[in-house]
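Remarks on the overall topology
Residue strings, one per chain:
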Amino acid sequence: MADERATGPADDEGRRPAATLYQGVRGTAVRILNRVERTDAYLDKLVDIELKSGELSDVDKALLNEIVHGVLRWQNKLDWVLNGFSHGNFAKSEINLKNALRVALYQILFLERIPHAAAVNEAVEFVKRIRGEKPAGLVNAVLRNIIRNLNGIRYPDPAEDKVQYLAVVYSHPHWMVKRWLRRYGFDDTRALLAANNERPGLSLRINRLKIDVPSFLRDLEERGIEYTGSGYLDQFVRVRGLSRIAQMEAFRQGHFTIQDESAALPCQLLGALPGERVIDLCAAPGGKTTNIAEAMRNEGEVTAVDRYESKLGLIRGSCERLGLTIVRLIAADAAALELEPADRVLLDAPCTGLGVLSKKPDMKWKRDPSDILRLTKIQRSLLENAAGLVKPGGVLVYSTCTTEPEENGDMVTGFLRDHPEFTLEDARTRLSADLVTPEGYVETHPHRHGMDGSFAARLVKSPQR
């Protein structure tokens, strides 16, 4: 196919290398979107590679990040419009044409600062390089027809089909919309979908081992950085307009870590104390590991476990930056790990990730219902092994970043049924009741709490008799 030839080096037939074909912000965006769609590569990793390269300016890097996240966030809506204006031919188009059209239409519909003509011209020139004059002319005609009829675009009618309306207008897979409609109802589902489509905010966890909260806030004010306090966690602030974070002196000195508030709730529920032994299973990239070590005032031992040595390197680097010396790293399968039982164990289980779609919009299109069944088997296996790593009288916290009952409450209910030595402790003893279900679980939703969707349960092991 043409797009496959384009990604190779130049050859005797004169085909140009990818660096030439996929040049500039829009060309790079198409290349990233192609890989997301055709492989198991994840958006955040692909974007990170580009952002670390020196080929794009800071302004272009910001635009690239905006475009690729925006296209995947709104893909269903974009495709609906493009199919309508191409008489159904868009769905049959090859991948370069599809993503070039999506990139252009995203700019037309959502980015007011980019002139429509510029978005069209970039798409046309890209397609001309990839496929030639005739396909480029078709792209030009479709996009200009859309621009002429922007106010007349018709979307599905909610009175006729609620699922189709929500799936298109709020750009989520049909299967996901159906699940949430059954559970939440129309208005709550619409609010959740809208929250998933918002550009994510940024929250910072203050490292109180290195700086007190008032001093950190003064530093933000002196730098002109706007912030608001967290309604749930004292050591967190939400900020706006923070860029080039890795270059900030306060970051390099370990004064703060970027972490969503929802990710800190399991650590709060764990309640690790100085001098204790803690095991953090499935620990990478390490936000919870370092949170626990900070809460322990860098006294005791935290064993961070992950299957991949390369991921443990991320935790090692964070610990060095934050001044944490009590973390021990082990590369191992957490489902088969054998260690001396610890005072507290955190299992932040691999999951469908449906609570973090605002940050990872590609997960909307990579997941399907079979993933839930596949992952619940993995989660149960991990829970079974985690139970044996807890001392009598110790604590096990099970957490996920998803919203699905099979992975959350149902998982804990099944575990407790088979493990009478554990009891569920109501999370309201440690966290705001606003975050806790009637059953005693922590459960957050983006549209209700202003943070990622998440789940956590505190399970206490009976002492030896």
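Residues numbered from 1 in each chain as written. Predicted model: local features only at pLDDT ≥ 70, side-chain atom pairs only at ≥ 80, totals over all residues. Heavy atoms only, no water.

1. What about the side chain of glutamine 235?
- Position of glutamine 235 among the secondary structure elements: in the loop between β2 (227–229) and β3 (236–239).
- Among residues more than four places away in sequence, those in contact with glutamine 235 are Leu204, Arg205, Ile206, Arg208 and Asn291. (Helix = DSSP H or I, 4+ residues; strand = E, 2+ residues; numbered from the N terminus. Contact = heavy atoms within 4.5 Å.)

2. As for the packing of helix α11 (residues 174–184) against helix α12 (residues 186–196)
- Between α11 and α12, the least distance of the axes is 7 Å, while the angle of their chain directions is 130°. Our classification of the angle between α11 and α12 gives oblique. The handedness of the crossing between α11 and α12 is right-handed. Taken together, the residues of α12 that come into contact with α11 (itself represented by Val177, Trp180, Leu181 and Tyr184) are Phe186, Asp188, Thr189, Leu192, Leu193 and Asn196. (Axes fitted to C-alpha atoms, helices over the stretch in contact; angles between N-to-C directions. Parallel < 35°, antiparallel > 145°, perpendicular 65-115°, else oblique. Left-handed = near helix turned anticlockwise from the far one by under 90°.)

3. Let's talk about the nonpolar core
- Among the nonpolar cores identified, the biggest contains 47 residues, and Ile32, Ile67, Val68, Val139 and Leu143 are the most heavily contacted of them.
- At the level of elements, α3 (24–38), α4 (43–52), α5 (58–73), α6 (75–85), α7 (95–110), α8 (116–131) and α9 (133–148) are the ones that each hand at least two residues to this core.
- Counting residues per element, this core draws most heavily on α7, at 8 residues.
- Apart from the residues within four sequence positions on either side, leucine 143 is in contact with Leu101, Ala104, Leu105, Ile108, Val120 and Ala123.
- One finds Phe236, Cys319, Val442 and Met451 within the second-largest nonpolar core, a separate group that totals 33 residues. (Core = buried A, V, L, I, M, F, W, Y, C linked by side-chain atoms within 4.5 Å. Buried < 20%, exposed > 50% of the residue type's maximum accessible area, 1.4 Å probe, protein only.)

4. A look at the pattern of salt bridges
- According to the stated counting rule, one finds 33 salt bridges in the structure shown.
- With a closest N to O distance of 3.3 Å, lysine 128 and glutamate 125 form a salt bridge. On the criterion of helical spacing, the pair formed by lysine 128 and glutamate 125 is a turn pair, its members being 3 residues apart in helix α8.
- When the shortest N-O distance is used, the salt bridge between glutamate 425 and arginine 458 registers 2.9 Å. Pair noted here: glutamate 425 is in strand β10 (residues 422–425) and arginine 458 is in strand β12 (residues 454–461), with a separation of 33 residues, a long-range link.
- Taken together, the shared-partner salt bridges in this structure form one network comprising Arg179, Arg183, Glu404 and Glu406. (Salt bridge = Lys/Arg side-chain N within 4 Å of Asp/Glu carboxyl O.)

5. A few points about the layout of surface pockets
- Looking at the second largest pocket, its volume works out to about 440 Å³.
- Mapped by element, the contributors of at least two residues to the lining of the second largest pocket are β1 (202–206), α15 (261–270) and α16 (287–295).
- Counting residues per element, the lining of the second largest pocket draws most heavily on α16, at 4 residues.
- Considered class by class, the residues forming the lining of the second largest pocket number 11 nonpolar, 7 polar and 6 charged. (1 Å grid on protein atoms, 1.4 Å probe; cavity = no way out; pocket = protein on both sides within 12 Å on 5 of 7 lines; lining within 4 Å. Points joined across faces, edges and corners; volume = space filled by probe spheres on them. Nonpolar A, V, L, I, M, F, W, Y, C, P; charged D, E, K, R; others polar.)

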